[in-house]
Amino acid sequence: MHQNGFSYILCLYVTLIGIITMIGAANIYVSKLQMEKQLQNHYLATTLTNLSISNNISRIKAEQKTFTEKHNSAVLWYNWAGSTEDDIRYETLIELSNGYMLKQSVFWDIKLQKIRLLLN
């Protein structure tokens, strides 16, 4: 078989296209894993907040200024942010063991005796 310059360039082109395709697929896979991990961290932090609130309703009703709670390796900080005649507001900060942090506002509705959560 006789080799010429065209087949060499074509081979390089096909190899380059294959390498670019593999790098693109790897980047998509890595970014998908990062997004899934971020979503897992968010759900874990939100769940821990929901569990913590039921344990701390008496502190929230008493308008205790600041308090901290630990769940396994996560730490939750409650900072009193203000109150009106209708509700009491706390700013919460949840830090997981892997460094993920989530800020939320907790509102205790005095009249309805219910809690609302808002993301910051």
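The preceding data block contains the structure.
These numbers were taken from a predicted model, which means no experiment stands behind them.

Peer 1: Give a description of the overall build of the protein that names residues and reports values.
Peer 2: Counting its secondary structure elements, the protein contains two helices and five strands. For 120 residues, the compact-globule estimate of 2.2 N^0.38 gives 14 Å, and the C-alpha radius of gyration of the protein, at 26 Å, exceeds that figure by more than 25%. The buried share of the protein, taken over its 120 residues, is 26%. When contacts within the protein are restricted to residue pairs at least 6 apart in sequence, long-range pairs at least 24 apart make up 33% of them. Averaging the locations of the 11 positively and 9 negatively charged side chains of the protein gives two centres separated by 4 Å.

Peer 1: Please give an account of the pairing of strand 1 (residues 66-71) that cites residues and values.
Peer 2: The alternating pattern of strand 1 places Phe67, Glu69 and His71 on a buried face and Thr66, Thr68 and Lys70 on a face that is not buried. Here strand 1 runs beside strand 2 (residues 74-83); their pairing, made up of six bridges, is antiparallel. Counterpart to His71 in the pairing with strand 2 is Ala74. Linking strand 1 back to strand 2 in an antiparallel pair, the connection comprises two residues, with Asn72 at a positive phi of about 50 degrees.

Peer 1: Describe the side chain of Thr92, with residues and values.
Peer 2: With respect to the helices, strands and loops of the structure, Thr92 is situated in strand 3 (residues 87-95). A relative accessible area of 3% places Thr92 in the buried class. Discounting chain neighbours no more than four positions away, the residues touching Thr92 are Trp77, Tyr78, Leu102, Lys103, Gln104 and Val106.

Peer 1: Pulling in residues and values, what's your account of the packing of aromatic side chains?
Peer 2: By the definition in use, this model includes three aromatic pairs. Measuring from centroid to centroid gives 5.8 Å for Phe67 and Tyr90, while their planes differ by 65 degrees, and the two rings are edge-to-face. Within this pair, whereas Phe67 is found in strand 1, its partner Tyr90 is found in strand 3, the two being separated by 23 residues in sequence. On the accessibility criterion, Phe67 (6% relative accessible area) is buried. Residue class for Tyr90 comes out buried when judged on its relative accessible area of 0%. Arranged with centres 6.4 Å apart and planes meeting at 80 degrees, the rings of Tyr78 and Tyr90 form a pair that is edge-to-face.

Peer 1: So what about the nonpolar core? Which residues, and what values?
Peer 2: In this structure, Ile60, Tyr78, Tyr90, Ile94 and Leu96 are the most contacted members of the largest nonpolar core, which totals 16 residues. Excluding anything up to four places from it in sequence, Tyr78 contacts Thr49, Ser52, Ile53, Asn56, Ile60, Lys65, Thr66, Phe67, Tyr90, Glu91 and Thr92.

Peer 1: Tell me about the pattern of salt bridges, residues and numbers included.
Peer 2: Taken as a whole, this structure holds two salt bridges when the rule is applied. The salt bridge partner of Lys32 is Glu36, with a shortest N-O separation of 4.0 Å. Here Glu36 and Lys32 lie together in helix 1 (residues 5-55), a separation of four residues that amounts to about one turn. Its salt-bridge partner being Glu91, residue Arg89 comes within 3.7 Å of it at the nearest N-O pair.

Peer 1: Any chance you could break down a nonpolar patch on the surface for me, citing the residues and the numbers?
Peer 2: On the surface, Phe6, Leu10, Tyr13, Val14 and Ile17 cluster together into a nonpolar patch covering about 530 Å² of accessible area. Secondary-structure assignment places Phe6 in helix 1. Residue classification places Phe6 among the exposed residues on the basis of a relative accessible area of 62%.

Definitions and cut-offs
Residues numbered from 1 in each chain as written. Predicted model: local features only at pLDDT ≥ 70, side-chain atom pairs only at ≥ 80, totals over all residues. Heavy atoms only, no water. Helix = DSSP H or I, 4+ residues; strand = E, 2+ residues; numbered from the N terminus. Rg over C-alpha atoms; globule rule 2.2 N^0.38 Å. Buried < 20%, exposed > 50% of the residue type's maximum accessible area, 1.4 Å probe, protein only. Contact = heavy atoms within 4.5 Å. Lys, Arg positive; Asp, Glu negative; His and termini not counted. Charge placed at Lys NZ, Arg CZ, Asp CG, Glu CD. Pairing = 2+ DSSP bridges. Phe/Tyr/Trp six-rings, centres within 6.5 Å; stacked < 30°, edge-to-face > 60°. Core = buried A, V, L, I, M, F, W, Y, C linked by side-chain atoms within 4.5 Å. Salt bridge = Lys/Arg side-chain N within 4 Å of Asp/Glu carboxyl O. Patch = residues over 30% accessible without salt bridge, like charges linked within 9 Å, V, L, I, M, F, W, Y side chains within 5 Å. Areas by Shrake-Rupley, 256 points an atom, 1.4 Å probe, with all protein chains shown as cover.

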